[in-house]
Amino acid sequence: MPTHTPTTGPTSGLGTGHGTGLTTVEKDVAQTRLQAAVEEMCLTLRRASRSLYVRDAADFACAVADLSGRFVAYPQDVGVSGFVGLDLTPTIEAATAHGPLGPGDVVLTNDPYLSGGLSTHLPDVHAVAPFFDGDELVGYGWAFVHVSDVGGRVPSSVSVVNDSVFAEGLRVPPVRYVRGGEVVPEVEAILAANSRTPDANRGDLHAMLAALDTGRRRVAELTADLGPAGLADVGAFAREQSAARARAALRTLADGTYRFEDFLDNDGVSDVPLRVVVTATVDDGTVHLDLTGTDPQVEAALNMVTFGRAHSWVVTRLFALIGTLDPAVPLNGGLMDVIGFTAPEGTLLHATGTAATGVRHATTSRVNDVVSGALVQAAPEVLPAASSGLVVPVVFAAADGSRVDVVEPMVGGTGARHGADGADGRDSGISNLSNNPVETVEANVAVRVRRYALRPDSGGAGRWRGGSGLELEFEALTDGGLLARGLERLRFRPWGFAGGLPGALTELVVNEGRADEQRLSVVDVHPLRAGDRVVLRTSGAGGYGDPLERDPHAVLADVGAGLVTPAHALDAYGVVLRDGALDEGATAAERGRRAAAAGSAAGASRHGLGPERERWERVFPPGLADRLDVHLRTLPTTTRAARRREILRGVLAGLPPRFPGVDADDAAIDAAGRSFAAAVAAVTEPA
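Quick summary incoming for the structure in this document. (Residues numbered from 1 in each chain as written. Predicted model: local features only at pLDDT ≥ 70, side-chain atom pairs only at ≥ 80, totals over all residues. Heavy atoms only, no water.)

1. Quick look at the overall build of the protein
- The number of helices and strands found in the protein is 16 helices and 24 strands.
- With the C-alpha coordinates of the protein rotated into their principal frame, the extents come out at 75 × 65 × 55 Å.
- Residue burial in the protein is summarised as follows: out of 687 residues, 60% are buried.
- If the 62 positive side-chain charges of the protein are averaged to one point and the 85 negative ones to another, these points end up 2 Å apart. (Helix = DSSP H or I, 4+ residues; strand = E, 2+ residues; numbered from the N terminus. Buried < 20%, exposed > 50% of the residue type's maximum accessible area, 1.4 Å probe, protein only. Lys, Arg positive; Asp, Glu negative; His and termini not counted. Charge placed at Lys NZ, Arg CZ, Asp CG, Glu CD.)

Shown next, in the form of structure tokens:
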């Protein structure tokens with residue numbers, strides 16, 4: 001679809017009907033009107049929704065695009081913020097292959113491959129509506145919701161063990177859901193027949209239609225004032241302004257090339273972790289992210305479809321960084337103009353074929369962490385330590401699948417940064433979902449919430465403390481199934497920085513303390529009986545700076561707030577409390593003793609990785625892992641993950657079963673390291 005180029009003509013004021021030659025002030029006013037329109041669209045959608053996950057957790061968004069297919073206006077405060085850089089063009093081209101869109105049409109799609117990357121997994125249903133001025137196409141409205149269920153193997157359609165997109169539910173290519181203002185009954189029947197929750201889905205889809213109708217009216221009012229070319233004129237202006245401000249913000253970072261890597265707990269098929277690597281190049285107000293070195297796509301639902309292009313869902317950390325440096329920057333597609341991207345085909349961040357994508361948020365959460373880990377080296381007083389690194393929608397499904405409800409979208413905290421503690425129980429990662437009120441959950445879901453609170457001692461210790469994780473405990477009131485998609489950080493801690501310590505690991509336990517206690521790490525659908533209790537404790541975020549430099553009174557306040565226990569105050573911060581009061585003399589003595597001991601030790605890494613990560617990299621050093629990755633990319637895409645798994649499992653066979661969660665003696669670690677080096681040499685060096 002060609003990009004529409006605004007025409008030129010005499011200057012006109014708003015309301016003249018010419019829409020060309022607008023002044024900067026007039027464009028700015030029009031941009032503000034569009035911003036108000038998308039906010040109104042989102043409020044309409046939320047109020048009309050039928051599901052907890054949309055109405056309360058706010059897993060939805062709306063936007064307006066011009067004929068370029070890129071967003072002109074995106075909501076600042078309502079719904080999910082991470083999709084601001086999406087491009088509607090591939091979806092529109094697919095939808096118009098058999099004829100142009102007309103007034104009142106709405107295109108629906110949910111498939112990452114068939115939509116050209118617009119959708120990121122099947123439960124995210126996207127709707128695109130053409131907007132007209134008379135008979136002239138001027139732009140598009142967009143909305144998406146995460147629906148409760150689109151069929152597939154499991155209730156809610158999302159499980160990490162799904163091995164292909166076909167197992168994940170109904171694939172909807174870009175098709176007309178509404179034609180000339182009327183819902184196409186055959187399409188609606190297909191959608192309903194392929195969902196366990198057809199009524200809830202239908203309500204959410206019709207809420208999107210209401211939002212798009214709102215956008216259609218508001219854009220019509222604007223084009224009545226500006227003329228049909230006005231939206232293109234305003235759109236180009238809006239994106240140029242955002243791109244210019246983003247460049248100015250990123251110019252405050254030190255130019256250079258920075259690398260960091262981190263891990264997902266496992267590959268969804270075995271206990272072998274997955275590596276995510278980024279090399280970030282900062283150059284005069286632009287950032288290029290190169291994901292070369294990231295592991296191959298897997299036979300599980302951890303893959304992300306990007307088509308090798310910078311995808312909005314993968315670069316959300318840069319959006320957050322730009323917004324931190326310039327809090328007033330308008331959200332629109334212009335933010336993508338300062339971002340470059342490389343991801344080799346057939347990897348976790350450029351999946352091909354029919355790889356499953358349902359839990360792609362676990363992988364993109366780790367991308368956030370590696371981007372932070374790289375760029376904190378360029379701006380150590382701006383970027384934070386690692387966030388909690390997980391988003392876990394905890395789902396309770398009725399035994400017959402008739403109800404599928406998100407109890408809570410669980411996250412952890414944000415990383416501490418220079419000068420400030422992290423936020424407790426909230427995350428600035430890929431999803432800014434709201435929590436579900438406990439009263440609403442208990443009124444709609446067959447569970448009783450026993451505890452929902454911040455998790456003590458979970459935030460990484462530092463001069464500035466990492467944000468605390470959350471603790472959710474609930475009891476099943478009927479038989480059903482537990483799903484916990486995106487469960488992560490059970491093996492590798494969120495890293496600290498500049499002497500800060502990593503956050504606590506995640507825990508998921510069913511019937512804790514009972515004879516039938518089970519500790520879970522990979523959850524497909526875990527059966528629950530009435531009376532079973534589930535406890536999820538999410539990881540805390542990384543700390544920043546030396547914990548011995550934290551103000552003892554701040555530690556005392558954390559103890560008073562229940563965020564830190566007295567024992568942890570002593571162990572992590574060297575703060576001595578007696579009868580709830582600070583013992584300043586004993587604290588000074590304890591900290592002095594520790595500082596003297598540390599002075600004779602080797603200097604710590606700038607990133608506080610935690611013992612598990614340090615053990616892992618003694619066996620699997622990054623340089624050798626890079627060499628193995630180069631070899632794997634010479635193999636057919638469908639064999640790469642299995643070959644990597646075979647090599648690593650052979651090495652791990654000589655280590656304790658829970659390694660690196662448990663230590664091993666130096667001899668065993670050294671032997672395993674030699675085994676890995678030999679395995680890499682065997683596949684990379686000439687015979």
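2. A closer look at the sheet that holds strand 8 (residues 256-264)
- Judged by pairing direction, the sheet is mixed, and its 4 strands sit side by side in the order 8-9-10-11 without closing on themselves. Because the sheet does not close on itself, it has two edges, and the strands there are strand 8 and strand 11 (339-342). The mean angle between the axes of side-by-side strands here comes to 20°, regardless of whether they run parallel or antiparallel. (Pairing = 2+ DSSP bridges. Axes fitted to C-alpha atoms, helices over the stretch in contact; angles between N-to-C directions.)

3. Section: the packing of aromatic side chains
- According to the stated counting rule, one finds 15 aromatic pairs in the structure shown.
- Ring centres of Phe83 and Trp142 lie 6.4 Å apart, and the angle between their planes is 90°; this geometry places the pair in the edge-to-face category. Here Phe83 is found in the loop between strand 2 (71-73) and helix 3 (89-95), whereas its partner Trp142 is found in strand 5 (residues 136-146), with 59 residues between them in sequence.
- Residue classification places Phe83 among the buried positions, given a relative accessible area of 0%.
- Among the aromatic residues, those joined into a cluster by ring pairs are Phe71, Tyr74, Phe83, Trp142, Phe144 and Trp313.
- Residue placement shows Arg613 over the ring face of Phe260; its charged tip is 5.5 Å from the ring centre. (Phe/Tyr/Trp six-rings, centres within 6.5 Å; stacked < 30°, edge-to-face > 60°. Lys NZ or Arg CZ within 6 Å of the ring centre and 35° of its normal.)

4. A closer look at the environment of Leu470
- Structurally, Leu470 can be placed in strand 15 (residues 470-476).
- Residues Leu470 and Phe319 lie 151 residues apart in sequence; the distance between their C-alpha atoms is 25 Å.

5. Points about the packing of helix 1 (residues 24-48) against helix 6 (residues 230-250)
- For the pair helix 1 and helix 6, interaxial distance at closest approach is 9 Å and the crossing angle is 90°. Our classification of the angle between helix 1 and helix 6 gives roughly perpendicular. The segment helix 1 lies against helix 6, with Thr24, Lys27, Asp28, Ala30, Gln31 and Leu34 engaging Leu231, Asp233, Val234, Phe237 and Ala238.
- In the contact of helix 1 with helix 6, the residues fall into 6 nonpolar, 2 polar and 3 charged. (Parallel < 35°, antiparallel > 145°, perpendicular 65-115°, else oblique. Contact = heavy atoms within 4.5 Å. Nonpolar A, V, L, I, M, F, W, Y, C, P; charged D, E, K, R; others polar.)

6. Observations regarding helix 14 (residues 622-632)
- Taken together, the buried positions of helix 14 are occupied by Leu624, Ala625, Leu628, Asp629, His631 and Leu632. Taken around the axis of helix 14, the buried residues stretch over an arc of 160°, which confines them to a single face.
- Each element contacted by the buried residues of helix 14 is listed here: strand 9 (274-283), helix 15 (637-652) and helix 16 (666-684). (Arc of directions from axis to C-beta.)

7. A closer look at the environment of Val72
- Along the chain, Val72 turns up in strand 2.
- For Val72, a relative accessible area of 2% translates into the label buried.
- Counting along the chain gives 166 residues from Val72 to Ala238, while the straight-line C-alpha distance between them is 6.4 Å.
- If we skip the residues at most four places from it in the chain, Val72 touches Leu34, Val64, Ala65, Asp66, Gly235, Ala238, Arg239, Leu331 and Asn332.

8. Considerations on empty space enclosed by the protein
- The full count for this structure, using the stated rule, is 5 cavities of 30 Å³ or more.
- Of the voids in this model, the largest cavity is the one considered here, and its volume is about 150 Å³.
- Along its surface, the largest cavity is lined by 16 residues, and Tyr53, Asp59, His146, Trp313 and Arg360 are the ones closest to its centre.
- Elements represented by at least two residues in the lining of the largest cavity include exactly strand 5 and helix 8 (360-375).
- Here the residues of the lining of the largest cavity sort into 8 nonpolar, 4 polar and 4 charged. (1 Å grid on protein atoms, 1.4 Å probe; cavity = no way out; pocket = protein on both sides within 12 Å on 5 of 7 lines; lining within 4 Å. Points joined across faces, edges and corners; volume = space filled by probe spheres on them.)

9. Regarding unusual backbone geometry
- Cis rather than trans, the peptide bond between Phe659 and Pro660 has omega equal to 5°.
- Within the element layout of this structure, Pro660 appears in the loop between helix 15 and helix 16.
- With a phi angle near 65°, Arg489 is a residue other than glycine that sits in the positive phi range.
- With respect to the secondary-structure elements, Arg489 resides in the loop between strand 16 (480-484) and strand 17 (496-497).
- For Arg489, a relative accessible area of 0% translates into the label buried.
- Even without being glycine, Asp579 reaches a positive phi, approximately 55°.
- Mapping Asp579 onto the fold places it in the loop between strand 22 (577-578) and strand 23 (581-582).
- The exposure class of Asp579 is exposed, given its relative accessible area of 86%.

10. Some details on the environment of Ala300
- Relative to the helices and strands, Ala300 is located in the loop between strand 10 (286-290) and helix 7 (316-325).
- For the pair Ala300 and Pro198, spaced 102 residues apart in sequence, the C-alpha to C-alpha distance is 26 Å.
- Those residues within four positions of Ala300 in sequence are excluded, and the remaining contacts are Val160, Asn162, Asp267, Gly268, Val269 and Ala356.

11. Re the pattern of salt bridges
- All told, the structure shown has 59 salt bridges when counted by the stated rule.
- In this structure, Asp105 engages Arg176 in a salt bridge whose closest nitrogen and oxygen atoms are separated by 3.4 Å. You can see Asp105 sitting in the loop between helix 3 and strand 3 (106-109) and its partner Arg176 sitting in strand 6 (residues 175-179), a full 71 residues away along the chain. Arg176 carries the same exposure label as Asp105, and that label is buried.
- The residue Arg489 makes a salt bridge to Asp262 at a minimum N-O spacing of 2.8 Å. Of this pair, Arg489 sits in the loop between strand 16 and strand 17 while Asp262 is found in strand 8, placing the two residues 227 residues apart along the sequence. Summarising the burial analysis for this pair, Arg489 and Asp262 share the class buried.
- Connected through salt bridges with shared partners, the residues Arg451, Arg455, Glu471, Glu507, Glu512, Glu517, Arg519 and Arg537 form a single ionic network. (Salt bridge = Lys/Arg side-chain N within 4 Å of Asp/Glu carboxyl O.)

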